[in-house]
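Chain and residue survey
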Amino acid sequence: MAQDNLITVHGKIASAGTPVAGATVMVKGKNIATTTDSNGVFQFRAPSDAVLVISHLNYSPQELSVRGRTSLTIEMESNEKTLGDVVVVGYGTQKKATLTGSISVVQGADVAKSPQVNLSNGLAGRFSGLIANNVSGEPGYDGSGILIRGLATTGSNDVLIVVDDVPGQIGGLERLDAHDIESFSILKDASAAVYGSRAANGVILITTKKGKAGKPVINYSFNYGLSSPTRLPSLANSATYGTLMNEIRYYDNPTGGLNQIYTDAQIQKFRDGSDPFYYPNTDWRGLSLRSYVPQSQHNLSVSGGSENIRYFLSLGTLSQDGLYKNGVTHYDQYNFRGNIEATVTPRLKVSLNLNGREEHRLFPATAAGDIFRAVYRAYPTVLAQYPNGLYTTGIENYNPLTQETSIGGTTENPTYVFNGILKGSYSIPGVKGLSVEGFMSTDESFSFNKSFSKPYNLYSYDSSAKAYNAVVVGGSNGLATLSESQANTSLITSNIKLKYVRQFGDHHLDAFVAYEQSKNHQDLFGASRLNFPTALTPELSQGGSASTDKDNSGSSYNFTRKSYISRIAYNFQEKYLLELQARIDGSSTFPSGKQYGFFPSISGGWRLTQEKWFHLPAINDLKLRASYGTLGNDNVGLFQYFDNYTFNNQYVLGGSVHPGIDITKLANPNITWERAKKLDIGLNATFLNNFTFEFIYFQQKRSDILTQRNASIPAVSGIVNPYGGDPLTPSENIGKVNSNGFEASLTYANHVGDFSYGIGGNFTFAKSKIVFIDEAAGVLPYQRQTGRPLNTYLLYQATGIFRSAADLAKYPHLPNAQLGDLIYKDVNGDGTISAKDQTRTDYGNIPQIVYGAMLFGGYKRWDLSMIFSGQARVSQYVLPESGTIGNFYSSWADNRWSPNHTNGTYPRVDDRASSSVNGGLYPSTFWLNNSAFIRLKNVQLGYTVGNKVLSRAKISSVRIYASAFNLFTITKVKDYDPEGTSGSGQFYPQQRIYNAGVNVSF
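About the thresholds
- Here, residues in each chain are numbered from 1, in the same order as that chain's written sequence.
- For a predicted model such as this one, the threshold for reporting local features is a pLDDT of at least 70, and the threshold for listing and counting side-chain atom pairs is 80 or more; totals across whole chains, interfaces and linings nevertheless cover every residue.
- Derived side-chain values reflect all non-hydrogen atoms in the structure, with water molecules and hydrogen atoms excluded from consideration.
- UniProt positions are given in the numbering used here, feature names are shortened, and annotations may be inferred rather than shown by experiment.
- A run of H or I in DSSP counts as a helix once it spans at least four residues, and a run of E counts as a strand once it spans at least two, with each numbered from the N terminus.
- Here the radius of gyration uses the C-alpha set of atoms, whereas the globule reference equals 2.2 Å times the residue count to the power 0.38.
- The contact criterion used is simple: two residues touch if any of their non-hydrogen atoms lie within 4.5 Å.
- For every accessible area listed, the method is Shrake-Rupley and the probe measures 1.4 Å; residues are considered covered only by the protein chains on display.
- Burial classification: accessible surface area is computed with a 1.4 Å probe over protein chains only, and a residue below 20% of its type maximum counts as buried, one above 50% as exposed, and the rest as partly exposed.
- Throughout, an axis means a line fitted to C-alpha atoms (over the contacting stretch in the case of helices), and angles, computed between N-to-C directions, take values from 0 to 180 degrees.
- Any angle between 65 and 115 degrees counts as roughly perpendicular, while under 35 counts as roughly parallel, over 145 as roughly antiparallel, and the rest as oblique.
- Residue polarity follows a fixed list, in which Ala, Val, Leu, Ile, Met, Phe, Trp, Tyr, Cys and Pro are nonpolar, Asp, Glu, Lys and Arg are charged, and the others, Gly among them, are polar.
- Paired rings are identified among Phe, Tyr and Trp, the last through its six-membered ring, by centres lying within 6.5 Å, and are further divided according to the angle between planes into stacked (under 30 degrees), edge-to-face (over 60) and tilted (the rest).
- Pairing between strands requires that DSSP locate at least two bridges from one strand to the other.
- Each patch groups residues whose relative accessible area exceeds 30% and which form no salt bridge, using 9 Å between like charges and 5 Å between nonpolar side chains of Val, Leu, Ile, Met, Phe, Trp and Tyr.
- Just to be clear on terms, a salt bridge is a Lys or Arg side-chain nitrogen sitting within 4 Å of an Asp or Glu carboxyl oxygen.
- Think of a polar contact as two N or O atoms within 3.5 Å of one another; within protein, one of them needs to be a possible hydrogen donor and the other a possible acceptor, and neighboring residues in sequence only count if both atoms come from side chains.
- Working definition of a nonpolar core: buried Ala, Val, Leu, Ile, Met, Phe, Trp, Tyr and Cys residues. They are joined through side-chain atoms within 4.5 Å.

Per an unreviewed UniProt entry, the protein chain goes by SusC/RagA family TonB-linked outer membrane protein and derives from Puia dinghuensis. Under Sequence similarities (unreviewed entry), UniProt gives the following word-for-word description of the protein chain: "Belongs to the TonB-dependent receptor family." Taken directly from UniProt, the Subcellular location (unreviewed entry) text for the protein chain runs: "Cell outer membrane".

Structure below.
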């Protein structure tokens, strides 16, 4: 090939306005090829008269003549209009057109646009039916809790995660590198029955990237971000807090007036800062926390190969700093992935997937919740640090400025994860369409935790002696302590499958039978040491020598499964669709004779547009479908069919102490699976060429939920556990919960010339109803949980504030009620306020409504994408820890009722909110926040650099971008992030991230 015949060809590939990532662009008849990046862009050198062959798994292949052009815009046609989008389903793939289940799909390249390094945080707003609430922003523990179609059981609602066909792969979802992910599939209905006893809460299938034939393609990405809290409470300043202390003393002793603790002159000193030593105004939040903290992420991948061997190799690192000033909190991660496929013979294919990851977490010895508790409670009237540099005792000898550093020790938690999967498939000669497939996987996790707590000094000032008095905090009894633990976990899974796929004229059959088994094993070990002579030797061997200074613990378990799996999928002309699934699961969780369960499902569909009589040109595709099946949930504690004993007691026999054994849990020999019967009825449509629509009604009935008997075995029976609050009686399969709701989604995508654009939205309503949880017969009807959704609150109804003597005379109230107290509704009308006036809320802190919106657009080299997410019909009870025991949120302090501010919207302040008649003593709807919100979850703006700049450097493509996470939120919640679930508001806050990055392809 003559070199002077080569030109640089730059192009962008899209489908219905959406960039096509991972498409292979090859020169026909030549060994010249490349792939598109995440924005559908490619660039390479090719002959001016070349014919390009463009291919992608989900799109129809096509050929295009270059004819000397250097810039190409290529539109690919979705296979749905011809062969059908290939969707990953349980143990295989199916065409989207012939799906009969409720399965949502998103590409990994889309999720990778989120600047959040925790993969679970990039899913919110993209799917109907999925709830992903981010409850913390702490590095290393900043994932989202994921639910599919809300709460459905009083037991575990955990979703099953399947990575490259391995159910429950060790390491899970959160710490996977988004750059390694090809696609996500969410199984929401009975289509998940193929996973049997683990599928009741839904299944997320993750498929990692594979290599494609062609020249090696090197991709490098780097991004750097700054994160800051989405929301932090403002706290009362010292002048305000001093005034509040006066008011609290006044309410206890009205005859003493409003200046019983601080005079007006002293309050003024707090306000004007004229005596900052004795009358400081300490901003604990500002002194403890940074405004912005850095994070960064690198990923380098190489992919390519020949028709016989294909590979995808990837390396990644990420780094996150903590929010604390001078803090030690930090998270580092290093990961690699190697996916290799080989076509050994035309009939035999093998693949090897290897994945490894090191997660390194470093924290101060004090936990994040305790640090933020100290930040929010610390008195603004107390210095954080004396002028000579000594740290004060803060609040009850907790000073957050020292707690967040290494002065009191550190907790180090390195974790190592390895996943290996060997797969093979062989097409059996003599029987067309018959093949045998299988895989064997091994997963290992090694997690080490080392927590060293050191003593250090805080100081109080004795003004009369003008001396600083030291107080030793940290450690134990003034000496250092050390605790270490190790958790080693392994999972070995093997699967063998006989598969038959055949087209008989208009009839298509796709069937398989399979056998799968797995074994989980875990070893736990712990040891601790007290009374270290010096804090300079943080090793177990260097602690105190007394027998009481040493302790250790250990445990282990084995857990096995055996499964028999089958599926038959049939369609006639891709018009009439039928699918049958069944799985028999055996589990060592349950006793002999009760270890196996049967989980079947059936689904069907009808594509009306395939009928000859259907003549509506505006409707391109219309499908009605339904599914019904039984699924299970075996995520319960092990060994419940045995009596449980422990060595708690000691006896003296013959003058010697002997260990005694006590029963702590009675056996349940009849323990079995939790069962879910799921019904889905759905409609899928494509119309006017550019619109796609889906509507689903779903219903679920859970039974055999493992739960305690709360009412029918009274404590006076004597059947109690003398060691701890856990009942002696076993959990039983007596719980029942029903749930139902609907999902809807609508998407529009189009392009005009160089301009592509699209918009989509999704909406989910899911509501649960408790059918049976063994409530006491005497519970008042309006206080019963039975018949109401899961996770509701039992609260007094606050209807206002007593502002006058007339109010006190008009409304029933508690004994000794004062002006400024909350008015509680007399629900039962007996003229008094008592426990009988508490009522159940309509919903709890898990949203019944979630929704999302997606916008994307592109013009020439520019591209923009936005993801909004929201929730509604959700509430969170939050009562601040305020009073003489801690500072107040400004929202309460500035809006309180007081003798000088009788129009306040908050009740009067009290000594301790948790035991106040306006707070924890009578929990009420006043502290119940409407946690509904809509937020811009992700936004990214990118630009792809022009050809002339790149060709000189022999670079295929360069894209620079800016992105943000949690950019803004619209909500009525004022003091904390509405995704938070802490009842005190004392947690590491969620993060807003501003990010910039670059993607380079060679």
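1. Thoughts on the overall build of the protein chain
Across its full length, the protein chain holds nine helices and 52 strands. In terms of C-alpha radius of gyration, the protein chain reaches 32 Å, essentially the compact-globule figure of 30 Å for 1002 residues. Along the first, second and third principal axes, the C-alpha set of the protein chain runs to 95 × 70 × 70 Å. If you take every contact in the protein chain between residues at least 6 apart in sequence, the share linking residues at least 24 apart comes to 71%. Approximately 42,400 Å² of the protein chain is accessible, and the part contributed by carbon and sulfur atoms is 56%.

2. Let's talk about the environment of Gly225
Counting through the fold element by element, Gly225 comes out in strand S18 (residues 214-229). Assessed through its relative accessible area of 0%, Gly225 is described here as buried. It is 5.3 Å that separates the C-alpha atoms of Gly225 and Tyr994, two residues lying 769 residues apart in sequence. Setting aside its immediate chain neighbours within four residues, Gly225 contacts Val293, Pro294, Gln295, Tyr994 and Asn995.

3. Overview of the packing of helix H2 (residues 238-252) against helix H3 (residues 264-272)
Contact geometry of H2 with H3 gives a least axis separation of 7 Å together with a crossing angle of 155 degrees. With respect to H3, the axis of H2 lies roughly antiparallel. Between H2 and H3, the contacting residues are Ser238, Ala239, Gly242, Thr243 and Asn246 on the first element and Ile267, Phe270 and Arg271 on the second. Class assignment of the residues belonging to the contact of H2 with H3 gives a composition of three nonpolar, four polar and one charged.

4. Comments concerning the packing of aromatic side chains
In this structure the tally under the stated criterion is 49 aromatic pairs. Residues Trp613 and Phe614 carry aromatic rings whose centres are separated by 6.2 Å and whose planes lie at 55 degrees to one another, so their mutual orientation is tilted. Judged by relative accessible area, Phe614 falls into the buried class, the value being 14%. Three or more aromatic residues joined by ring pairs make a cluster, and in this case those are Tyr241, Tyr379, Phe888, Trp892, Tyr906, Phe926 and Trp927.

5. Points about helix H5 (residues 368-377)
Burial within H5 is extensive, with seven of its ten residues counted as buried. Looking at the buried side of H5, the elements it contacts are helix H4 (284-288), strand S22 (348-364) and helix H6 (400-403).

6. Remarks on the pairing of strand S23 (residues 409-427)
Relative to S23, S22 runs antiparallel, the two sharing 17 bridges. If you follow Glu358 over to S23, its bridge partner there is Tyr416. Linking S23 back to strand S24 (residues 434-453) in an antiparallel pair, the connection comprises six residues, with Gly430 at a positive phi of about 95 degrees.

7. A few points about the sheet that holds strand S4 (residues 33-35)
Strand order in this open sheet of four strands is S4-S3-S6-S7, and the pairing throughout is antiparallel. The open sheet terminates on both sides in strands that have one partner only, identified here as S4 and strand S7 (59-65). Put simply, the sheet's adjacent strands are angled 15 degrees from each other on average, direction ignored. By the bridge criterion, four bridges tie strand S3 (residues 24-27) to strand S6 (residues 51-56) in an arrangement that is antiparallel. Counted as the bridge partner of Val25 is Ile54 from S6.

8. A short note on a nonpolar patch on the surface
Together, Ile218, Leu300, Leu315, Phe336, Phe418 and Phe1002 line one region of the surface with nonpolar side chains, adding up to about 500 Å² of accessible area. Residue placement: Phe418 occurs in strand S23.

9. Here's the deal with the pattern of salt bridges
Side chains carrying opposite charge are able to pair once their charged atoms draw close together. Evaluation of the coordinates by the stated rule reveals 34 salt bridges. For the salt bridge of Lys28 with Glu63, the shortest nitrogen-to-oxygen distance reads 3.1 Å. Highlighted residues: Lys28 in the loop between S3 and S4 and Glu63 in strand S7, separated in sequence by 35 residues. Using a relative accessible area of 48% as the deciding quantity, one classes Lys28 as partly exposed. Here Asp621 makes a salt bridge to Arg607, at a shortest N to O gap of 2.6 Å. One end of the pair, Asp621, is in strand S32 (residues 619-633); the other, Arg607, is in strand S31 (residues 596-607), and 14 residues separate them in sequence. Accessibility classification places Asp621 together with Arg607 in one group, the buried group. Beyond isolated ion pairs, a larger network of salt bridges with shared partners links Lys95, Glu574, Arg607 and Asp621.

10. Describing the side chain of Arg310
Looking at the element boundaries, Arg310 is found in strand S20 (residues 309-321). The class for Arg310 is buried, based on a relative accessible area of 14%. Separated by 3.3 Å, the side chains of Arg310 and Thr343 make a polar contact. For Arg310, the contacting residues outside a window of four places in its chain are Gly211, Lys212, Ala213, Gly304, Gly305, Asn339, Ile340, Glu341, Ala342 and Thr343.

11. Some remarks on the environment of Thr392
Take Thr392: it is sitting in the loop between H5 and H6. Separated by 69 residues in sequence, Thr392 and Tyr461 have C-alpha atoms that sit 8.3 Å apart. Discounting chain neighbours no more than four positions away, the residues touching Thr392 are Trp284, Val382, Leu383, Ala384, Gln385, Tyr386, Asn399, Leu458 and Tyr459. Within the structure, the side chain of Thr392 is placed 2.5 Å from the backbone oxygen of Leu383, a separation counted as a polar contact. From its side chain, Thr392 meets the backbone nitrogen of Gly394 in a polar contact 3.3 Å long.

12. A word on the UniProt feature "domain: TonB-dependent receptor plug" (unreviewed entry) in the protein chain
The UniProt record annotates "domain: TonB-dependent receptor plug" (unreviewed entry) at residues 96-203. End C-alpha atoms of residues 96-203 are separated by 18 Å, and the span's content is 4% helix alongside 27% strand.

13. Thoughts on the nonpolar core
Ranked by size, the top nonpolar core spans 38 residues in total, and within it Met245, Tyr824, Tyr877, Phe888, Trp892 and Val909 carry the most contacts. Put simply, the parts of the chain that give this core at least two residues each are H2, H3, strand S43 (822-824) and helix H8 (890-893). Element by element, the count of residues in this core is highest for H2, at six residues. In contact with Trp892, not counting residues within four places along its chain, are Ser882, Tyr906, Pro907, Arg908, Val909, Ala913 and Trp927. If you look at the next biggest cluster of nonpolar residues, it comprises 23 residues, including Leu99, Leu187, Ala193 and Leu631.

14. Points about the side chain of Asn299
By the secondary structure assignment, Asn299 is in strand S19 (residues 293-305). Reaching out from Asn299, the side chain makes a polar contact with the side chain of Ser314 at a distance of 3.2 Å. Among the polar contacts made by the side chain of Asn299, one reaches the main-chain carbonyl oxygen of Leu315 at a distance of 3.4 Å. Sequence-distant contacts of Asn299, defined by excluding residues within four places in its chain, comprise Asp177, His179, Asp180, Asn219, Tyr220, Ser221, Ser314, Leu315 and Gly316.

15. Side note on the sheet that holds strand S17 (residues 203-208)
In a beta sheet, neighbouring strands are held together by backbone hydrogen bonds and run either parallel or antiparallel to one another. Strand order in the open sheet formed by five strands is S11-S16-S17-S14-S15, and the pairing between neighbours is mixed. The outermost strands of the open sheet, each flanked by one partner alone, are strand S11 (103-107) and strand S15 (166-167). Where S11 meets strand S16 (residues 181-187), five bridges bridge the pair, whose relative direction is antiparallel. By the bridge assignment for S16, Val106 is matched with Phe184.

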